[in-house]
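Architecture and fold: a report
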Amino acid sequence: MIIFTVRGWQIQSDQYTDELLNEWRKWLKQGKLSPDMTYLKDRNRPMILLFLSKIKESGDQAFIPYLKLWGKVDYKKVREEIRKTIDVLENKKPIDVQVVQERTESIKEALKGSAPQDLLLKCWECGKRFPFTIGEQQFYKQKGFTDPKRCKACRNQGNDMFF
Ligand SMILES: [Zn+2]
């Protein structure tokens, strides 16, 4: 079973999206006109959304052609977000400072190691990640249960044979 701490995941996706952004900057400097954007398809969705937020926050209109190329190859949900991002850049719309600040704070906390240690477990049945909060962890430990194998939705749906 793969276990990610929320903290670890947060730090990792923050670093990774920075790398993606730096790569785009590098391409711009090199004058790369039409990079193949399919590499961004099928990536972890929250990570991709974070990447798009960072592009928005950069306010850099030079990214627009890349966004347009990307929009051509990705799925509808992502495409919508890409369109919103282009809109923000084209019209120089103000970004939500509070969201940025909260994110920065929470990453700082995570790096310090004082963030809550909620775990993200992977459901054996549907394969989705689900949170196993500190509270739940304590409860399970108290009761002598092993960690839950399935997400709440699957647990509610099926029998409780393997809880
Ligand atoms: Zn499930």
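Remember, it's a predicted structure, so these values are computed and weren't measured experimentally.

Some remarks on unusual backbone geometry
The backbone of Asp42 shows a phi angle near 65 degrees, a positive value even though the residue is not glycine. Tracing the chain through its elements places Asp42 in the loop between α1 (6-30) and α2 (45-58). For Asp42, a count of 11 C-beta atoms within 10 Å translates into the label exposed. Residues other than glycine seldom take positive phi values, yet Lys92 does so here, at roughly 45 degrees.

Considerations on helix α5 (residues 97-112)
The first and last C-alpha atoms of α5 sit 22 Å apart over 16 residues, in line with the 22 Å expected at 1.5 Å per residue. Counting buried positions along α5 gives zero out of 16 residues, so the element sits mostly on the surface.

Description of the confidence of the model for the protein
The pLDDT averaged across the protein works out to 87; a share of 90% of its residues lies at or above 70. Highest mean pLDDT in the protein belongs to helix α3 (residues 64-73) (97); lowest belongs to strand β1 (residues 4-5) (66).

Here's the deal with helix α4 (residues 76-90)
For α4, built from 15 residues, the straight-helix expectation of 21 Å at 1.5 Å per residue is met to within 8% by its first-to-last C-alpha distance of 21 Å. Regarding α4, the residues found buried are Val78, Ile82, Thr85 and Ile86. End-on view of α4: buried residues confined to an arc of 100 degrees, all on one side of the axis. Among the exposed residues of α4, those pointing more than 90 degrees away from its buried face are Lys76, Lys77, Glu80 and Asp87.

Some details on the nonpolar core
Formed by Trp24, Leu40, Ile48, Phe51, Leu52, Ile55, Phe63, Tyr66, Trp70, Val78, Ile82 and Ile86, the largest nonpolar core amounts to 12 residues. Elements with a minimum of two residues in this core: α2, α3 and α4. The element that contributes the greatest number of residues to this core is α2, accounting for four residues. Apart from the residues lying within four places of it in its own chain, the contact partners of Phe51 are Thr17 and Leu20.

Focus on the packing of α2 against α4
Where α2 contacts α4, the axes come no closer than 9 Å and their chain directions differ by 10 degrees. Judged by the angle between their axes, α2 and α4 are roughly parallel. Every residue of α4 that contacts α2 at Ile48, Leu49, Leu52, Ile55 and Lys56 is listed here: Val78, Glu81, Ile82, Thr85 and Val88. Tallied by class, residues from the contact of α2 with α4 come to seven nonpolar, one polar and two charged.

Focus: the domain arrangement of the protein
Domains assigned within the protein are domain 1 (7-112) and domain 2 (119-157). Computed over C-alpha atoms, the centres of domain 1 and domain 2 are 31 Å apart.

What counts, and where the lines are drawn
Here, residues in each chain are numbered from 1, in the same order as that chain's written sequence. Only residues with pLDDT of at least 70 are given local features in this predicted model, and only at 80 or more are side-chain atom pairs given and counted; all residues enter the totals for whole chains, interfaces and linings. Counting from the N terminus, the helices are the DSSP runs of H or I reaching at least four residues and the strands are the DSSP runs of E reaching at least two. Buried residues are those with 20 or more other C-beta atoms within 10 Å of their own C-beta, exposed residues have 12 or fewer, and partly exposed residues lie in between; C-beta atoms are placed from the backbone. In this scheme, a helix's expected span is set at 1.5 Å multiplied by one less than its residue total. For every residue, the predictor reports its confidence as pLDDT, a number between 0 and 100. By construction, the arc corresponds to the directions joining the helix axis to the C-beta atoms. As used throughout, a nonpolar core is a set of buried Ala, Val, Leu, Ile, Met, Phe, Trp, Tyr and Cys residues joined through C-beta atoms within 7 Å of each other. This entry defines residue contacts through backbone-placed C-beta atoms, with two residues in contact when those atoms are within 7 Å. Here an angle of 0 to 180 degrees is reported between the N-to-C directions of two axes, which are lines fitted to C-alpha atoms, with helices fitted over the stretch in contact. Roughly parallel here means an angle under 35 degrees, roughly antiparallel means over 145, roughly perpendicular means 65 to 115, and every remaining angle is called oblique. Under this grouping Gly is polar, as are all residues other than the nonpolar Ala, Val, Leu, Ile, Met, Phe, Trp, Tyr, Cys and Pro and the charged Asp, Glu, Lys and Arg. As used throughout, domain bounds are those supplied by an automatic or database domain assignment.

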